[in-house]
Amino acid sequence: MKQYDYLVVGAGLWGSVFAHEATKRGKKCLVIDRRDHIGGNVYCENVEGINVHKYGAHIFHTNDKDIWDYVNSFVEFNRYTNSPVANYNGELYNLPFNMNTFYQLWRVRTPEEAKEKIRQQVEEAGIKDPQNLEEQAISLVGTDIYEKLIKAYTEKQWGRKATELPAFIIKRLPVRFTFDNNYFNDRYQGIPIGGYNKLTEALLKDVDVRLGIDFFKERETLAALAETVVYTGPIDEYFDFRFGQLEYRSLRFDNQLLDQENYQGNAVVNYTDGETPFTRIIEHKHFEFGTQPKTVITHEYPQEWVKGAEPYYPVNDDKNTAVFNQYKALAAHEPNVIFGGRLAEYRYYDMHQVVASALKKVKVHFDS
C-alpha cells in the first residue's frame, strides 16, 4: 500500500493548484521542492515589510472570470494596474504605445496625427516582406518607436541582434490611440494583498509538504511513496537529457535596500537604450501601494541559460521544438506520471495560464 496517492514534484503554482484540487477530492498528496520555500517563481521575500518578488515581477491578469474568482477564493487581490515607464537615455515614455507615448515622441495631440506619423514612417521604410524582428517591428510601428523603445531592449532580452531574431517573435505590437497606460487589456488585474505567498500557502494548507528535497537524488525512494508522480520540473532532466538540453533565457537579479521612501515612483521602469546593461528596475513596494520608510529595488539582467541557472523563458525555435517533441513522445509512455507546468511542457505561461492549465489537467485526470 502506497503512502500517498500523488507525489507532486515542485511546489510552484501549477503543482500547488493540482495538489489542492486532488486533496479536495479526498486524495493524499505529498509536495516536494528542492528549494527551501513553496511558491516556485511567484515566491515573495519579506524585506523591511516589503514583499520582494524574488524571481522577477509577477502581475496577475486575466479575462477569465472563473480563473479570477478561483484565485480570489484563496486571497483577496488589490487593484494594482501595470503601467510601465520606458527610460531611453533619460527620456521617459509611457508604455504600452499609446497617445501619451506619441505625444512624448512627436508632440502629436490627436489619434489621426499619430496614425499619420506611423503610416509615413512605415511607408518610408518600404518593408514588404519582413525577414527578421527588426524589419517586422519597423513595418508595424515605424522607425522612431522601434529605435527608442524596442530595438535595444529586445536585443538585451534575447542576447542577439534584432536582425538575427526571427520575425515571428513579434506577430503584432499593441498600439493604442487612446490615453491609456494600462499595459494589459485583460478585464481583471492585481496582486494578492499580502503577497503571493498568501495564495500558495492557502493552496497547500491541507497538503503534506517537504522542502529542500531534490527528486533526482532520491528518485526511486520518493517515487515509491505514491501511486502517481506529478512532475512539474524540466522535462529533459526527467529523461536524463537523452536528446540533449532544451535551451532557455535566464535572468540575474541585483537587489538593493535603499534608505529612502520612493526611488522611481513606479513599480516597473524599462531601460530601452543599448548602453544600460540591465533591462528594467523593479521597485517592489509599488505593487502593493506601500508606504514603508525604506524601499527595495531590483535591477534585472537577462543572460544566457547554463545548467544550474534558473530557466525562465523557453527558446521555442524549430531546433528546440524538435527536441521537446522527442521528450514529449517519451512522456506519453509514462503511465504513472503526469507532466505539467512551464518546464515540463516547455512553454511560457503567464500565471492565469498556469492556473488554467493545472485545473484543466485536474479535470481530465479526475473526471474522464
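Residues numbered from 1 in each chain as written. Predicted model: local features only at pLDDT ≥ 70, side-chain atom pairs only at ≥ 80, totals over all residues. Heavy atoms only, no water.

Chemist: What exactly am I supposed to notice about the sheet that holds strand 10 (residues 226-231) here?
Modeler: Consider a sheet: its strands pair through backbone hydrogen bonds, and that pairing is either parallel or antiparallel. In space, the five strands of this open sheet follow the order 9-2-1-10-16, with parallel pairing throughout. Looking at which strands have only one partner, the edges of the open sheet turn out to be strand 9 (208-211) and strand 16 (337-339). Strand-to-strand twist of the sheet, defined as the mean angle between neighbouring strand axes without regard to direction, takes the value 20°. With three bridges joining them, strand 10 and strand 16 adopt parallel strand pairing. Across the sheet, the residue bridging to V229 is V337, located in strand 16. Contacts between helix 1 (residues 13-24) and the sheet are confined to strand 1 (4-9), strand 2 (29-33), strand 10 and strand 16, with strand 1 contributing the most and set at about 170° to the helix. (Pairing = 2+ DSSP bridges. Helix = DSSP H or I, 4+ residues; strand = E, 2+ residues; numbered from the N terminus. Axes fitted to C-alpha atoms, helices over the stretch in contact; angles between N-to-C directions. Contact = heavy atoms within 4.5 Å.)

Chemist: What exactly am I supposed to notice about the layout of surface pockets here?
Modeler: Remark: the empty space left among the atoms is shown by a probe the size of a water molecule rolled over them. Computed from the structure, the second largest pocket encloses a volume of approximately 390 Å³. Lining the second largest pocket are 17 residues, and of these K328, A331, F339, E345 and K361 sit closest to its centre. Among the elements of the structure, helix 10 (318-331), strand 16 and helix 11 (351-367) are those that each provide at least two residues to the lining of the second largest pocket. Classifying every residue of the lining of the second largest pocket by side-chain character gives eleven nonpolar, one polar and five charged. (1 Å grid on protein atoms, 1.4 Å probe; cavity = no way out; pocket = protein on both sides within 12 Å on 5 of 7 lines; lining within 4 Å. Points joined across faces, edges and corners; volume = space filled by probe spheres on them. Nonpolar A, V, L, I, M, F, W, Y, C, P; charged D, E, K, R; others polar.)

Chemist: Honestly, the sheet that holds strand 14 (residues 295-304) in this entry has me stumped. Any pointers?
Modeler: A sheet is described by the order of its strands in space; here seven strands give the open sequence 7-6-12-13-14-11-15, paired in mixed fashion. At either margin of the open sheet sits one strand with a lone partner, and together these are strand 7 (91-94) and strand 15 (313-314). The pairing of strand 12 (residues 268-271) with strand 13 (residues 280-283) spans three bridges and is classified as antiparallel. The residue of strand 13 that forms the bridge with V268 is I282.

Chemist: Any chance you could explain the nonpolar core here in plain terms?
Modeler: The tendency in soluble globular proteins is for nonpolar side chains to be buried side by side. L13, F18, F60, V71, F287 and V355 are the most contacted members of the largest nonpolar core, which totals 44 residues. Going through the elements one at a time, strand 1, helix 1, strand 2, helix 2 (65-72), helix 7 (197-203) and helix 11 are the ones with two or more residues in this core. The element contributing the most residues to this core is helix 1, with six residues. When sequence neighbours within four positions are dropped, the list of residues in contact with F18 reads Y6, V8, V230, I338, A358, K361, V362, H365 and F366. Among the nonpolar cores identified, the runner-up in size contains 28 residues, and Y231, F324, Y327 and V337 belong to it. (Core = buried A, V, L, I, M, F, W, Y, C linked by side-chain atoms within 4.5 Å. Buried < 20%, exposed > 50% of the residue type's maximum accessible area, 1.4 Å probe, protein only.)

Chemist: Could you clarify how one ought to interpret the side chain of R176 in this entry?
Modeler: With respect to the helices and strands, the residue R176 is situated in the loop between helix 6 (143-158) and strand 8 (188-190). Excluding residues within four positions of it along the chain, R176 makes contact with P96, F97, N98, M99, F102, N181, N182, Y183, F184 and N185.

Chemist: I would appreciate a short explanation of the pattern of salt bridges in the present structure.
Modeler: Counting across every chain of the model gives 21 salt bridges. The partner of D208 in a salt bridge is K28, with the nearest N and O atoms 3.4 Å apart. In this pair, D208 sits in strand 9 while K28 sits in the loop between helix 1 and strand 2, placing the two residues 180 residues apart along the sequence. Judged by its relative accessible area of 42%, K28 is partly exposed. R34 is paired through a salt bridge with E237; the nearest N and O atoms lie 3.2 Å apart. With R34 in the loop between strand 2 and strand 3 (44-47) and E237 in helix 9 (residues 235-238), this residue pair connects regions lying 203 residues apart in the sequence. Residue classification places E237 among the buried residues on the basis of a relative accessible area of 17%. Salt bridges sharing partners connect three or more residues here, namely E21, K24 and R25. (Salt bridge = Lys/Arg side-chain N within 4 Å of Asp/Glu carboxyl O.)

Chemist: Would you take a moment to explain helix 10 for this structure?
Modeler: Residues separated by three or four positions in an α-helix point in the same direction, a consequence of the helix having 3.6 residues per turn. Its 14 residues place the ends of helix 10 20 Å apart at the C-alpha level, agreeing with the 20 Å of an ideal helix rising 1.5 Å per residue. Buried within helix 10 we find N320, V323, F324, Y327 and A331. Taken down its axis, helix 10 places every buried residue within 100° of arc, on the same side. (Expected span 1.5 Å × (residues − 1). Arc of directions from axis to C-beta.)

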